[in-house]
Amino acid sequence: MKNKVTYAFKNKMWQDSASGGWYFVAIPKNLSKEIRTNFKNQEEGWGRMKIIAIVEKIEWKTSIWFDTKSDHYLLPIKAEIRKKGRLRIDHPLEVTLLI
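Per chain, the residues get numbers from 1 upward, laid out in the order the sequence is written. In keeping with the model being predicted, local features are shown solely for residues with a pLDDT of at least 70 and side-chain atom pairs are shown and tallied solely at 80 or more, while totals for entire chains, interfaces and linings include all residues. For the side-chain quantities, the full set of heavy atoms in the structure was used; hydrogens and water were omitted.

K.L.:
When you look at the overall build of the protein chain in this model, what are you seeing that I'm missing?
P.N.:
Comment: elements are numbered from the N terminus, with helices defined as DSSP H or I runs of at least four residues and strands as E runs of at least two. Regarding its fold elements, the protein chain presents 2 helices and 6 strands. Secondary structure of the protein chain in N-to-C order comes out as β-β-α-β-β-β-α-β. The C-alpha radius of gyration computed for the protein chain amounts to 13 Å, which stays within 12% of the reference 13 Å derived for 99 residues, consistent with globular compactness. Considering only C-alpha atoms, the protein chain reaches an extent of 35 × 30 × 20 Å along its principal axes. For each residue, the accessible area found with a 1.4 Å probe, counting protein chains only, is set against the maximum for its type, and the residue is called buried under 20%, exposed over 50%, and partly exposed in between. Per-residue burial for the protein chain yields a buried fraction of 41% across its 99 residues. Within the protein chain, contacts between residues separated by at least 24 positions form 57% of all contacts whose residues are at least 6 apart in sequence. Note on method: radius of gyration uses C-alpha positions; expected globular size equals 2.2 Å times residues raised to 0.38. Every residue pair with non-hydrogen atoms within 4.5 Å of one another is taken to be in contact.

Structure representation (structure tokens):
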């Protein structure tokens, strides 16, 4: 099994009204830059990178997306995870990414 690199941070979940109500947590720019520098070769179409996310002790396989407008990665938080963790907009979340 390949070892994973771990990135941990706190940030708030927000809803993007422009894209059909998707919920995201933005990965801080300094971490986004480090991830992109080290793992850009793992990106697939549209800056998508497969990862394992852990948010408030809930772990799942997902992808992060690089947003060229804001110059950082976004972690989408699907409804199942929001419900399971009772996650709310604008509340700080403990996030860990395994790449």
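That covers the picture; the talk isn't over yet.
K.L.:
What am I meant to see in the pairing of strand β1 (residues 6-16) here?
P.N.:
It is a general feature of regular strands that their side chains alternate between the two faces of the sheet. For two strands to count as paired, DSSP must find a minimum of two bridges between them. Looking at chain direction, β1 and strand β6 (residues 92-98) are connected through 7 bridges and run antiparallel. Its bridge partner lying in β6, Thr6 is registered against Leu98. Across 4 bridges, β1 lies against strand β2 (residues 22-26) in antiparallel orientation. Bridging from a neighbouring strand, Trp14 pairs with Phe24 of β2.

K.L.:
How should the pattern of salt bridges be read in this particular structure?
P.N.:
Pairing between side chains of opposite charge can happen when the charged atoms of each approach one another. Here, a salt bridge means any Lys or Arg side-chain nitrogen found within 4 Å of an Asp or Glu carboxyl oxygen. Under the defined criterion, the tally for this structure stands at 5 salt bridges. With a closest N to O distance of 2.8 Å, Arg36 and Glu43 form a salt bridge. The network of salt bridges with common partners includes Arg36, Lys40 and Glu43.

K.L.:
How should I be thinking about helix α1 (residues 29-39) in this particular structure?
P.N.:
For an α-helix, 3.6 residues make a turn, and residues three or four places apart therefore share a direction. Turning to α1, its buried residues number three or more, namely Leu31, Ser32, Ile35 and Phe39. Projected down its long axis, α1 shows its buried positions confined to an angular sector of 100°, all on one face. Of the exposed residues in α1, those oriented more than 90 degrees away from the buried face are Lys29, Asn30, Lys33 and Thr37. Throughout, the arc means that of the directions going from the helix axis to the C-beta atoms.

K.L.:
Explanation requested: the packing of aromatic side chains in the structure shown.
P.N.:
In this description, an aromatic ring pair is defined by two values, namely the gap between the centres and the angle between the planes. Note on ring pairs: Phe, Tyr and Trp rings are taken, using the six-membered ring of Trp, and paired if centres are within 6.5 Å. Classes follow the plane angle, with under 30 degrees stacked, over 60 edge-to-face and the rest tilted. If you walk through the whole model with that rule in mind, you get 3 aromatic pairs. Ring plane angle 35° and centroid distance 5.3 Å describe the contact between Trp14 and Phe24, whose orientation is recorded as tilted. Linking Trp14 in strand β1 with Phe24 in strand β2, this pair joins segments that are 10 residues apart in sequence. A relative accessible area of 10% means that Phe24 is categorised as buried. Judged by centre distance (6.4 Å) and plane angle (20°), the ring pair of Trp22 and Phe24 falls under stacked.

K.L.:
How should the pairing of strand β5 (residues 72-76) be read in this particular structure?
P.N.:
Counting buried positions over the 5 residues of β5 gives 5, a clear majority of the element. In this structure, β2 lies alongside β5, joined through 3 bridges in antiparallel fashion. Bridged to Val25 within β5 is Leu75. Hairpin geometry of strand β4 (residues 58-67) and β5 is characterised by an intervening segment of 4 residues between the two adjacent antiparallel strands and by a positive phi of about 65° at Asp71.

Geometric descriptors of this kind do not, in isolation, establish any biological role.
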